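# Working through the structure, step by step
Listed below, chain by chain, are the residues.
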Amino acid sequence: MAETKSIRLTVNGQMHELDVGSKPGQIDPAHTLVYTLRETLGLTGTKAACGQGACGACTVIMDGRAVNSCKILTIECDGKSITTIEGLKDPKTGKLDPLQQAFIEHFAFQCGFCTPGIIMTTKALLAENPHPTEEEIKEALSGNFCRCVSHYHVLKAVLSVAERGE
Ligand code: FES
Ligand code: FES
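Structural notes, computed from the coordinates.

With that settled, consider the pattern of salt bridges. Per the stated rule, a full pass over the model turns up five salt bridges. The salt bridge involving E17 is made with R8; its shortest N-O contact spans 3.5 Å. Of the charged contacts in the structure, one is a salt bridge between K123 and D97, with a shortest N-O distance of 2.8 Å. Here K123 is found in helix 3 (residues 115-128), whereas its partner D97 is found in the loop between strand 5 (80-83) and helix 2 (98-105), with 26 residues between them in sequence. Judged by its relative accessible area of 27%, K123 falls in the partly exposed class. Overall, D97 belongs to the buried group, its relative accessible area being 8%. Each of the salt bridges in this network shares a partner with another, and the network as a whole consists of E134, E135 and K138.

Time to look at the sheet that holds strand 2 (residues 14-19). On the basis of which strands lie adjacent, the open sheet formed by five strands has the order 2-1-5-3-4 and mixed pairing. Of all strands in the sheet, those with a lone pairing partner are strand 2 and strand 4 (65-68), marking the two edges. For this sheet the average axis-to-axis angle between neighbouring strands, irrespective of direction, equals 35°. Two elements, strand 1 (residues 6-11) and strand 2, share six bridges in a ladder whose sense is antiparallel. Along strand 2, the bridge assignment pairs L9 with H16. Contacting strand 3 (59-62), strand 4 and strand 5, helix 3 runs over the sheet at an angle of about 30° to strand 3.

Before going further, it helps to spend a moment on the packing of helix 2 against helix 5 (residues 151-164). Two numbers describe how helix 2 lies on helix 5: the axes approach to 8 Å, and their chain directions differ by 135°. With respect to helix 5, the axis of helix 2 lies oblique. Seen from above, helix 2 lies across helix 5 with right-handed handedness. Of the residues in helix 5, those in contact with P98, L99, A102 and F103 of helix 2 are V154, A157, V158, S160, V161 and R164. When grouped by side-chain class, the residues that make up the contact of helix 2 with helix 5 number eight nonpolar, one polar and one charged.

Conventions we followed
- Here the residue index of a chain counts from 1 through its sequence in written order.
- A letter from A marks each chain and a number from 1 marks each ligand, given out in the order of writing.
- Reporting in this predicted model follows two pLDDT cut-offs: at least 70 for local features of residues, and 80 or more for side-chain atom pairs to be given and counted; totals over whole chains, interfaces and linings ignore these cut-offs and use all residues.
- The basis for every side-chain value is the complete set of heavy atoms in the structure, and neither hydrogens nor water enter the calculation.
- In what follows, salt bridge is the name for a side-chain nitrogen of Lys or Arg lying within 4 Å of a carboxyl oxygen of Asp or Glu.
- Secondary structure counts use DSSP, requiring at least four H or I residues in a row for a helix and at least two E residues in a row for a strand, with both numbered from the N terminus.
- Throughout, exposure labels follow a simple rule: accessible area from a 1.4 Å probe, protein chains only, divided by the maximum for the residue type, with under 20% read as buried, over 50% as exposed, and the rest as partly exposed.
- If DSSP finds at least two bridges between two strands, the strands pair.
- The convention used is that axes are lines fitted to C-alpha atoms, helices contributing only their stretch in contact, and that angles between N-to-C directions extend from 0 to 180 degrees.
- Contact definition: two residues touch when any of their heavy atoms are within 4.5 Å.
- Put simply, angles under 35 degrees are roughly parallel, angles over 145 are roughly antiparallel, angles from 65 to 115 are roughly perpendicular, and the rest are oblique.
- By convention the crossing between two helices is left-handed if the near helix lies anticlockwise of the far one by an angle smaller than a right angle, and right-handed if it lies clockwise.
- Charged means Asp, Glu, Lys or Arg here, nonpolar means Ala, Val, Leu, Ile, Met, Phe, Trp, Tyr, Cys or Pro, and polar covers whatever is left, Gly included.

Here you go:
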């Protein structure tokens, strides 16, 4: 009998061992990471939109880097550590991440569809550069689109966290 191949993904600190195959709950070699996060693991905070790496809605953090999860096959993620928007809150207290709180305080979204991707991109930026300039924030967010034109409020929210160094 053929040996079942499996992959290991650590998502928001929790390790998942997932079989590769075409049955329900398995990872088909054609599945993208955003598909696996949403449909297999039930983490629907990460949004699927263009599917072509053009909008940033599907951004997650993989091994410290913001990546478009629609452009990555899940089978390529064996051994990777992934953080999604669901993983930002404090697991013990349930308190929101300072960045999430700042988005609420600065009304940095309207429909909110782009927001998880924008927050994950800025979270990765702040981890690397805790005090970015306005230009650096704009540059980091150049791949994240917001159809509701919330960009000015997003900048204010990110700058408020950058100024506090949280
Ligand atoms: S859905 Fe991935 S970049 Fe648009
Ligand atoms: S808040 Fe609606 S797309 Fe950005």
